[in-house]
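The primary structure of each chain is shown beneath.
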Amino acid sequence: MAYYGGVGGVGGVGGVGGVGGVGGVGNLNATGLGSFLGAGTVPVLDPATVQGLQVSAQAISHAAGDDESHASRELAFSSADNLDYWGDWVRASLYLSDFLSELRWTVDKNEPESVTLSHQGSGGTVQSFFEIVRPAAAVFDEQLKYVRAYMDQRPERTPEITSQLGFPTPYFAMILGLHAARNAKTFELITVCQVLAAHVAMIVKHHLAIRRPDRIGATVLPMIPTPGHGAFPSAHATEAFAVAHLLAGLVDATGSHYPDPDKRKNLLFKQAERISVSRTVAGVHYPIDSWAGALLGKMIAEIILNKCGITNTMTGLKYAAKGDSDFMLSQYKDPVWKDHGVSELSNCNVAKSELFEWLWLKAVDEFEL
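Residues numbered from 1 in each chain as written. Predicted model: local features only at pLDDT ≥ 70, side-chain atom pairs only at ≥ 80, totals over all residues. Heavy atoms only, no water.

(A) Up close: the overall build of the protein. Looking only at helices and strands, the protein has 11 helices and six strands in total. Relative to its full complement of 369 residues, the protein shows a buried share of 51%. Long-range pairs, those at least 24 residues apart, make up 77% of the contacts in the protein between residues at least 6 apart in sequence. For the protein, the accessible area works out to roughly 17,200 Å², and carbon and sulfur atoms hold 54% of it. (Helix = DSSP H or I, 4+ residues; strand = E, 2+ residues; numbered from the N terminus. Buried < 20%, exposed > 50% of the residue type's maximum accessible area, 1.4 Å probe, protein only. Contact = heavy atoms within 4.5 Å. Areas by Shrake-Rupley, 256 points an atom, 1.4 Å probe, with all protein chains shown as cover.)

(B) Quick look at helix H5 (residues 169-176). Of all the eight residues making up H5, six are buried; the element is thus mostly covered by neighbouring parts of the structure. Where H5 is concerned, the buried positions are Thr-169, Tyr-171, Phe-172, Ala-173, Ile-175 and Leu-176. Elements in contact with the buried residues of H5: helix H4 (154-163), helix H6 (184-208), helix H8 (235-253) and helix H9 (261-281). The first or second residue beyond H5 is Gly-177, which carries a positive phi of 65°.

(C) Geometry of the pairing of strand E3 (residues 114-120). Most of E3 sits out of view: six of its seven residues are buried. As paired elements, strand E2 (residues 103-108) and E3 share six bridges and run antiparallel to each other. The residue bridging Trp-105 from the neighbouring strand is Leu-117, located in E3. The hairpin turn running from E2 into E3, its antiparallel successor, is five residues long. As consecutive antiparallel partners, E3 and strand E4 (residues 126-133) are separated by five residues, and within that stretch Gly-123 has a phi angle of approximately 80°, a positive value. (Pairing = 2+ DSSP bridges.)

(D) Local environment of the pairing of E4. Among the eight residues of E4, six are classified as buried, and the element is accordingly described as predominantly covered. In this sheet, E4 lies alongside E3 in antiparallel orientation, the contact comprising seven bridges. Counted as the bridge partner of Leu-117 is Phe-130 from E4. Judged from the three bridges that link them, E4 and strand E5 (residues 313-319) form a sheet pairing that is parallel. Bridge pairing links Ile-132 to Tyr-319 in E5.

(E) Layout of the packing of H8 against H9. For the pair H8 and H9, the least separation of the axes is 9 Å and the interaxial angle reads 175°. Looking at the two axes, H8 sits roughly antiparallel to H9. Where H8 approaches H9, its residues His-236, Ala-237, Ala-240, Phe-241, Ala-244, His-245, Leu-247, Ala-248, Val-251 and Asp-252 are matched on the opposing element by Pro-261, Lys-265, Leu-268, Phe-269, Ala-272, Glu-273, Ile-275, Ser-276 and Arg-279. Each residue belonging to the contact of H8 with H9 can be placed in one class, and the counts come to 12 nonpolar, three polar and four charged. (Axes fitted to C-alpha atoms, helices over the stretch in contact; angles between N-to-C directions. Parallel < 35°, antiparallel > 145°, perpendicular 65-115°, else oblique. Nonpolar A, V, L, I, M, F, W, Y, C, P; charged D, E, K, R; others polar.)

(F) Geometry of the pattern of salt bridges. On inspection of all chains with the given rule, the structure shows 16 salt bridges. Linking Asp-98 and Lys-307 is a salt bridge whose minimum nitrogen-to-oxygen distance equals 2.7 Å. Linking Asp-98 in helix H2 (residues 88-100) with Lys-307 in helix H10 (residues 287-307), this pair joins segments that are 209 residues apart in sequence. Each member of the pair Asp-98 and Lys-307 is classed as buried. Its salt-bridge partner being Glu-302, residue Lys-298 comes within 2.6 Å of it at the nearest N-O pair. Separated by four residues within a single helix, Lys-298 and Glu-302 lie in helix H10, roughly one turn from each other. The same class applies to Lys-298 as to Glu-302, namely buried. Within this structure, Asp-98, Glu-102 and Lys-307 form a network of salt bridges that share partners. (Salt bridge = Lys/Arg side-chain N within 4 Å of Asp/Glu carboxyl O.)

(G) Fine view of the environment of Asp-88. On the secondary structure map, Asp-88 appears in helix H2. The spatial distance from the C-alpha of Asp-88 to the C-alpha of Lys-185 is 9.5 Å, given a sequence separation of 97 residues.

(H) Quick look at the confidence of the model for the protein. Per-residue pLDDT for the protein averages 89, and the proportion of residues at 70 or more is 88%. In this model, residues 25-32 is a region of pLDDT below 50 whose contacts with residues beyond four sequence positions or in other chains number 35 contacts. For the stretch residues 34-39, pLDDT sits under 50, and the model shows 14 contacts to residues farther than four places along the chain or on other chains. (pLDDT = per-residue confidence, 0-100.)

(I) Here's a closer look at the packing of aromatic side chains. If you walk through the whole model with that rule in mind, you get 11 aromatic pairs. Plain terms: the ring middles of Phe-232 and Tyr-319 are 6.2 Å apart, the flat faces sit at 35° to each other, and that makes the pair tilted. Of the two residues, Phe-232 is situated in the loop between helix H7 (213-216) and H8 and Tyr-319 in strand E5; the sequence distance between them amounts to 87 residues. Plain terms: the ring middles of Trp-291 and Phe-327 are 5.3 Å apart, the flat faces sit at 85° to each other, and that makes the pair edge-to-face. Here Trp-291, found in helix H10, pairs with Phe-327, found in the loop between E5 and strand E6 (342-349); they are 36 residues apart in sequence, far enough to count as distant. By the burial criterion, Trp-291 is buried, and Phe-327 matches it. One aromatic cluster is present, formed by Phe-140, Phe-232, Phe-241, Tyr-286, Trp-291, Tyr-319, Phe-327, Tyr-332 and Trp-337 through successive ring pairs. (Phe/Tyr/Trp six-rings, centres within 6.5 Å; stacked < 30°, edge-to-face > 60°.)

(J) Broad picture of H8. In this model, H8 (19 residues) spans 27 Å end to end at C-alpha, consistent with the 27 Å of a helix rising 1.5 Å per residue. Most of H8 sits out of view: 17 of its 19 residues are buried. A distance of 3.4 Å separates the backbone nitrogen of His-236 from a side-chain oxygen at the start of H8, and that oxygen is part of Ser-234. Where H8 ends, the next residue or the one after it, Gly-255, has phi of about 60°, a positive value. (Expected span 1.5 Å × (residues − 1). Polar contact = N/O pair within 3.5 Å; in protein donor to acceptor, adjacent residues only side chain to side chain.)

Written out as structure tokens, the structure is:
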């Protein structure tokens, strides 16, 4: 028996209270947008200024004379060029709507139970890009030995673990030397990627419904609060590897900005690995959670890169976890990852989106020498 689902457009996002604990979302609101794009919102004026503006308007308006018609000076209809005029939280809503409106999923309740994510391309064609099989309970029993083995790293990693409860953007910014004053659109691109990764990971987590390590192993004793959602896949790994793949594409697109592009890309993926593994150190994830998240993150980033117009095709992936698998970056590649339950699906085509292309080009422009 199969269950089919889809996500429609995301509506308005302003004025929603904070909700914590969604993967790496931290204190973002229920939509996943929160205040990360808050620079585009208009502050509320104090009562005295509001009253002063009213009095001033009444006193000076006569100096402008009668109003004239300027109907011919409207902005272009349905154009990405208008994004320059919108608040950044508005753009965020548009990006999410664009991506999620094309996301589909199939839940197969037969043995082995699985979730398949698909993308609806141009012409209504639905193409599968990621399939994940629900592991048997025995797989997680075997995974507990890895979780316990990582516990001795907790003192060393405590600053990272606690500062990465939300999106670990500063850890990636360090590698590329990003600065808010000159890389605003790059940060916007990173955060949109993280939010999308979190949303998609939650869909998969809900259906697979895997309990956390502390629920099946009394000696795990997590060093941070156990999140209020399933373990498999890891949303932190999904977000981190989605960002690593996306920024690697950005490094390639910025030409000669970095004299050592390969080293930068290696560091991006090593950082994503460390962020993922730290969740196992903390006692809230199994290594196979990181495997599943890293693979899902790769696919999300490839969809975004396709939408940005960098590529136009991608190869889908399937993951059937193995209990004796630890997660290491050296094995996160073809053909080595086949020994850990990774296989390929068919190729998928994703059409370019003028919304994502606009943001991508703005980000690339920030790396001009």
